Amino acid sequence: MSLDGWEPFWLGPSSHRLYAALHAASGASSTGIVLVPPLLHELPRSRRFITEVASELAGLGLPTLRFDFHGTGDSGGSGEELDLASMHRDLELAVAALRERTRIKRLVLVAWRGGALALRGWLESGGAADLILLWEPIVDGGAWVQELVETDARERALRPPPRAGVPRMTDPSDGQLMGFPAPSRLRADLGKTRLDKGMHRDDVPMWAIVRNDLAELPVDIARTLPLPANAPSFNVGAAMDATFFLTPPVRELVGKLGQAVREEAWA
């Protein structure tokens, strides 16, 4: 089944089933892209945006696969099962699926926000790519988790009084952050993960799309693309009415990214 140029399908065994979608490029291409999604509340808010980015990249001749981590989005499993180890397995499944379905020779990974933290361990465990692009990445997992805990507390305090007989969901012991399951194992994993120079590999160049300068991004970055100042933000609380889409300035940026990837001098 194809939907407006992209095809949804399932990845992995029935016990660990992932939702994925392939945005095929017209004609043969030797380079393909896997999109690594953001985490928790930032995923549903950006779903339309990421879908549009995938279609743009495919339109530039780069077959692009997007997917949801196990226990998130439309994938199977419970959010209680989500941790970095499961995300590493999911990345392997997604990369293998793109290679199998497109026969690409070169692989690019584009990771949004907290999804970039999953790449650290994946690379250390032997994950192979030809180029990695970090899109507004979370640099310090521990600081991010603490920020989410504090923001979650404010969000809970703002919730309206419940209907009669319905408990008010203000107790942080329910294990959620920003309305999504965040088990202690996931929090611990993220809390000890940072993007630093130890993440760099000489054989995998890294690019970054950032809104501000790179003073807070201690990874060796070979190339940067500036995000427009008025680009939609991921960091605006838990309200789902904050869902955003591909604005014209960001669409232009994605075009520049696709062109840069196509022109990269591959070894």
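What counts and how
Residues numbered from 1 in each chain as written. Predicted model: local features only at pLDDT ≥ 70, side-chain atom pairs only at ≥ 80, totals over all residues. Heavy atoms only, no water. Helix = DSSP H or I, 4+ residues; strand = E, 2+ residues; numbered from the N terminus. Buried < 20%, exposed > 50% of the residue type's maximum accessible area, 1.4 Å probe, protein only. Contact = heavy atoms within 4.5 Å. Areas by Shrake-Rupley, 256 points an atom, 1.4 Å probe, with all protein chains shown as cover. Pairing = 2+ DSSP bridges. Axes fitted to C-alpha atoms, helices over the stretch in contact; angles between N-to-C directions.

A. Spotlight on the overall build of the protein chain. When helices and strands are tallied, the protein chain shows six helices and ten strands. Across the 267 residues of the protein chain, 50% fall into the buried class. Considering only contacts within the protein chain whose residues lie at least 6 apart along the sequence, 68% involve residues at least 24 apart. Summing over all exposed atoms, the protein chain offers an accessible surface of approximately 12200 Å²; the carbon and sulfur share of this is 52%.

B. Structural context of the sheet that holds strand 10 (residues 223-226). With mixed pairing, eight strands are arranged side by side in an open sheet as 1-2-4-3-5-6-9-10. On the outer flanks of this sheet lie strand 1 (6-11) and strand 10, each paired with one strand and no other. With direction set aside, neighbouring strand axes in the sheet form an average angle of 20 degrees. The pairing of strand 2 (residues 18-23) with strand 4 (residues 64-67) spans four bridges and is antiparallel. The partner of Leu22 across the bridge, within strand 4, is Leu65. The strands that helix 3 (residues 115-124) touches are strand 3 (31-36), strand 5 (106-112), strand 6 (131-135) and strand 9 (206-210); relative to strand 5, the one it contacts most, it runs at about 135 degrees.

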